[in-house]
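Summary of structural features
Chain by chain, the residues run as shown.
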Amino acid sequence: MPFIDHDDLKVDAVQLVTVLLPVPLNGGLLTYKPVSDERYNQNDFSIGTLVEVPLGKRKLVGLIWETQGVNPDIGIDKIKPINRIIQAQPLADELLKFIDWVATYTLSPLGAVYKMCASVPGLFEEGQKKKIYALSDNGSEVARLTPARQSVIDLLQDQKLRSAAEIKNDLGVSDSVIKGLEKIGVLKSREIETKGVFEKPDLTLRGPSLSDEQAIAATAIRKAVASSQFKPFLLDGVTGAGKTEVYFEAIAEALQGEGAQALVLVPEIALTSQWLGRFKERFGVHPVVWHSDIGQGARKKAWHGIASGEARVVVGARSALFLPYSNLTFIAVDEEHDQSFKQEEGVMYHARDMAIVRAKFANCPVVLASATPSLETLVNADSGRFETLKLRERFGAAVMPSIRALDMRVEPPESGKWLSPALVKEIKARIKSGEQIMLFLNRRGYAPLTLCRTCGHRFGCDECASWLVEHRFRRELQCHHCGYTEPMPAKCPECDNEDTLAPCGPGVERLFEEVSSEFPEARTTVMTSDTMTSPKATAYMVGQIEKGLLDIVIGTQILTKGYHFPNLTLVGVVDADLGLRGGDLRAAERTYQQLMQVAGRAGRAEKPGTVYLQTYEPEHPVVDALTKADGESLMAMEREMRERFQMPPFGRLVALILSGPDIKAVAEMGRRLAVSAPRGDVLNVLGPAPAPLTKIRGQYRYRLLLHASKTTKVQSMVFNWVERTQKVRGVRIKIDVDPYSFL
Ligand code: ADP
Ligand code: ZN
């Protein structure tokens, strides 16, 4: 899509406009006529202006993407006029460029990317209204009033408009007093729109005094912010080094400019009440929070505040990248290595990579922070594309925890238990000394598989190729792919025997059972997405840990990110091998990052921490790297392997995921794609093969993988490949450029 510079526009020549709409039709680009009535001039319809247009029977809001001359191919009278201009202030040019770039890179329709920018229900409907009251002109002339009525008149003498709620609040009068005054004509009322108010960050506040390492890092970023230039940084600092304090300094610098805005991207589950508390302390206000759980009203308010420039700091999950910032001056991506930055549905993009693109268009610095940077980022740092800032030590008196492997072959737990005797001993010791313990097992529920001891029946999901997971607290079996649940049966549906159902393997609930019987005196809880159901529930539990009201916390990865519990000194990883099984390209890297993050929860204050990794493979390079505190060698080895096999970031991958309700049709589509696959020296197409997850929600799945050299233009190659292949009805083709999941 060519980009038209605003300056190039000849207003007179503009007769039609292309409007980008959040619809699949023609990729979202449709032609309309600017209305020529007394409301608007031609030059009101400039690129980026939000307009309401008719489409079929619907009215949709889109943005003017291009202005064009009359297209002789379509009769001009067939083209529908725009209904109205929604927002005269056009969206920033850099957002339009970003939409265009993301669509091209991910091979997604423009309309789908635009949809991510404006996907708030009712975004452009009129806001909530409130009724406000004022004295009418003859208001004070009425004689003989009750004291309550008189007090309202006295209050409103100052000409300030007030809602009924405000009047009642000030005076303690009842509704009927206000209504009565309106009825006799003393008060007049009208409706106004309520607008969001955003408090300004207090830039006079000072952060804590920084350590030398922190100060060097902060100064480098501040300098880049002050010069308003695109510059990517890797902030590579061990867990507890104080990376947050460093990028807070950058935010403080970034906000100096009039209406300047900063964005912090975090993995969804890492946005903790603790982080928000620290922000409030540093800047005196709350940032605008953006993630999947916030309500529609808050979303709408945030969107408009961000577009108008009143909202200054946004902290959010990956989708916050697509908000309409009017003056973005700094981006931080915290825990940049985290896989949750990759969106696996719809437009499949990686928010870390796209954050760099966004920063480029915005001409601002971007900081990628992590204790365990991704290989992609390390390679960029080594080549000099990113400037590396290192924080080698934990802040203050805290030291890095010592990490030890527990060889489960040498000292296995008793049958039916999951904690080795050595770990049990350590837990006992910590309970005795009043310190806190975290046990990490990345498996929700009681047991990942339930089977019948008599007939061998296994409980699986009908719609997915997966087992149902027992959730004993809720007495249910649940599919973790589609969410299907059924009550825990009393007998086997296959052989009708009672009491023959056996759980296989541990989940956090089963671990809870073991811990409760092993340490009945300890106060133990389970923290997973099942128990941390709302920010309030989460904040409560976190508070319980902070106050020392809990001894043992059992949790999934939801607990491993961002938290700082000073009295937590022991971390037990129940199954360190879990992530390495059935591994894909990044299994080792990812497991290392995850376990390092978990380990990073231990000993963050004065008391040193210890981490135990239960493993059946203590000699595995990942376990070795963790226990020797030598991530560098592991990443160097990973790097060498990837380079040798030309895997990312040294080569390129694009996955095609085919799905549909009819397995034969899906396989046929795979066969056709294989036949028409591009060929060449520097590329290779693998598959089609049934996906490891062969079925999800009733859809059968096949995969193909294009592997090409780094310099191959994979987008156009894949686009042409799919275009020229005859489609099979009922089969969806999803394209995943730079895949992270291979399931
Ligand atoms: P990271 O994000 O690198 O894991 P944090 O930014 O969470 O580390 O910092 C760890 C702890 O150290 C936090 O409690 C933080 O408040 C504290 N801290 C970090 N830097 C400073 C500083 N310069 N002065 C005082 N406290 C600090
Ligand atoms: Zn299912």
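Here the structure is a predicted model, which means the values were calculated and not measured.

**Overview of the coordination of the zinc ion (ligand 2)**
Around a metal, the perfect tetrahedron of four donors has angles of 109.5 degrees, and the perfect octahedron of six donors has angles of 90 or 180 degrees. Distances from the zinc ion (ligand 2) to its protein donors, C461 (SG), C464 (SG), C479 (SG) and C482 (SG), fall within 2.3 to 2.4 Å. Given four donor atoms and angles of 106 to 114° at the metal, the environment of the zinc ion (ligand 2) is assigned as tetrahedral. Residue C461 is classed as buried on the basis of its relative accessible area of 8%.

**Description of the environment of A215**
Among the secondary structure elements, A215 is positioned in helix 6 (residues 212-226). In this structure A215 comes out as partly exposed when scored by relative accessible area, which is 28%.

**Regarding the sheet that holds strand 17 (residues 436-440)**
Hydrogen bonding along the main chain pairs the strands of a sheet, whether they run parallel or antiparallel. Taken in spatial order, the six strands line up as 16-26-25-17-24-23 in an open sheet, and their pairing is parallel. Either end of the sheet is taken by a strand with one partner, and the two such strands are strand 16 (402-407) and strand 23 (524-527). When strand polarity is set aside, the average angle formed by the axes of neighbouring strands in this sheet is 20°. Taken together, the four bridges between strand 17 and strand 24 (residues 552-555) define a ladder with parallel strand orientation. By the bridge assignment, F440 is partnered in strand 24 with G555. Across the sheet, helix 14 (residues 535-546) is in contact with strand 17, strand 23 and strand 24; its angle to strand 23 comes to roughly 145°. Docked against the sheet, helix 15 (residues 587-599) engages strand 16, strand 17, strand 25 (568-573) and strand 26 (610-615), running at close to 165° with respect to strand 17.

**Quick look at the sheet that holds strand 20 (residues 476-478)**
Read from one edge to the other, the open sheet built from three strands follows the order 19-20-21, with strand pairing classed as antiparallel. Unpaired on one side and paired on the other, strand 19 (469-471) and strand 21 (485-487) mark the two borders of the sheet. With strand direction ignored, the average angle separating the axes of adjacent strands in the sheet is 30°. Strand direction decides the pairing type here: strand 19 and strand 20, joined by three bridges, are antiparallel.

**Quick look at the site of ligand 1**
Of all residues adjacent to ligand 1, which total 16 residues, the nearest are Q214, G240, G242, K243 and R278. Q214 is positioned with one of its side-chain polar atoms (N or O) 2.9 Å from a nitrogen atom of ligand 1. One of the side-chain nitrogen or oxygen atoms of H564 is found 3.3 Å away from an oxygen atom of ligand 1. Burial of ligand 1 by the protein amounts to 80% of the accessible area it has alone, namely 550 Å². Considering every element that reaches the shell around ligand 1, the biggest residue donor is helix 7 (residues 243-254), with three residues. Grouping the amino acids of the shell around ligand 1 by side-chain chemistry returns five nonpolar, seven polar and four charged.

**Quick word on the confidence of the model for the protein**
Predicted confidence across the protein gives a mean pLDDT of 91, with 95% of residues reaching 70 or more. Of the regions scoring below 50 in pLDDT, residues 1-14 engages in 24 contacts with residues more than four places distant in sequence or in other chains.

**Some details on the pairing of strand 10 (residues 261-265)**
Within strand 10, five of the five residues are buried, which leaves it mostly tucked inside the rest of the structure. Of the two faces of strand 10, the one holding Q261, L263 and L265 and the one holding A262 and V264 are both buried throughout. One ladder, built from five bridges, connects strand 10 with strand 13 (residues 328-334); its direction is parallel. Paired with Q261 across the strands is L328, a residue of strand 13.

**Observations regarding the pairing of strand 27 (residues 651-660)**
Burial analysis of strand 27 places 10 of its 10 residues in the buried class, which makes it a mostly covered element. Along strand 27, one buried face is formed by G651, L653, A655, I657 and S659 and the opposite face, lined by R652, V654, L656, L658 and G660, is buried too. Sheet analysis places strand 27 next to strand 29 (residues 699-709), joined by 10 bridges and oriented antiparallel. The residue of strand 29 that forms the bridge with R652 is A708.

**Regarding the environment of N380**
By the element assignment, N380 lies in helix 11 (residues 375-382). Under the relative-accessibility criterion, N380 is labelled buried at 18%. In sequence terms N380 and G305 are 75 residues apart; their C-alpha atoms lie 35 Å from each other. Leaving out residues up to four positions away in the same chain, N380 has contacts with R385 and F386.

**Observations concerning the packing of helix 7 against helix 8 (residues 273-283)**
Relative to each other, helix 7 and helix 8 sit at 45°, their axes nearing to 11 Å. Considering their axes alone, helix 7 and helix 8 lie oblique with respect to each other. Here the hand of the crossing between helix 7 and helix 8 comes out right-handed. Contact residues: helix 7 offers T244, E245, Y247, F248, E249, I251 and A252, while helix 8 offers W275, R278, F279, R282 and F283. The residue inventory of the contact of helix 7 with helix 8, partitioned by class, reads seven nonpolar, one polar and four charged.

**Quick notes on helix 9 (residues 296-308)**
Residues that lie three or four places apart on an α-helix share one face, since the helix turns once every 3.6 residues. Between its first and last C-alpha, helix 9 extends 18 Å over 13 residues, near the 18 Å set by a 1.5 Å rise per residue. Every buried residue belonging to helix 9 is among R299, K300, A302, W303, G305, I306 and A307, and all of these are buried. Against strand 3 (50-55), strand 5 (84-87), helix 2 (110-117), strand 10, strand 11 (288-290) and strand 12 (313-316) lie the buried residues of helix 9. Once helix 9 ends, the next one or two residues include G309, with phi positive near 90°.

**Digging into empty space enclosed by the protein**
A full pass over the atoms with the stated rule returns three cavities of 30 Å³ or more. Of the pockets and cavities examined, the largest cavity occupies roughly 60 Å³. Lining the largest cavity we find H337, D338, Q339, H350, R352, S374, E376, R586, E589, R590, Q593 and Y740. The element that contributes the greatest number of residues to the lining of the largest cavity is helix 15, accounting for three residues. By residue class, the composition of the lining of the largest cavity is one nonpolar, five polar and six charged. Estimates place the volume of the second largest cavity at around 50 Å³. Together, Y105, T106, K342, M348, Y349, H350, D353, M354, V737 and D738 line the second largest cavity. By residue class, the composition of the lining of the second largest cavity is five nonpolar, two polar and three charged.

Definitions and cut-offs
Residues numbered from 1 in each chain as written. Chains lettered and ligands numbered in written order. Predicted model: local features only at pLDDT ≥ 70, side-chain atom pairs only at ≥ 80, totals over all residues. Heavy atoms only, no water. Donors = N, O, S within 2.8 Å, 3.2 Å for Na, K, Ca; no water. Tetrahedral: all angles 85-135°; square planar, octahedral: opposite > 155°, others 65-115°. Buried < 20%, exposed > 50% of the residue type's maximum accessible area, 1.4 Å probe, protein only. Helix = DSSP H or I, 4+ residues; strand = E, 2+ residues; numbered from the N terminus. Pairing = 2+ DSSP bridges. Axes fitted to C-alpha atoms, helices over the stretch in contact; angles between N-to-C directions. Contact = heavy atoms within 4.5 Å. Near = heavy atom within 4 Å. Polar contact = N/O pair within 3.5 Å; in protein donor to acceptor, adjacent residues only side chain to side chain. Areas by Shrake-Rupley, 256 points an atom, 1.4 Å probe, with all protein chains shown as cover. Nonpolar A, V, L, I, M, F, W, Y, C, P; charged D, E, K, R; others polar. pLDDT = per-residue confidence, 0-100. Parallel < 35°, antiparallel > 145°, perpendicular 65-115°, else oblique. Left-handed = near helix turned anticlockwise from the far one by under 90°. Expected span 1.5 Å × (residues − 1). 1 Å grid on protein atoms, 1.4 Å probe; cavity = no way out; pocket = protein on both sides within 12 Å on 5 of 7 lines; lining within 4 Å. Points joined across faces, edges and corners; volume = space filled by probe spheres on them.

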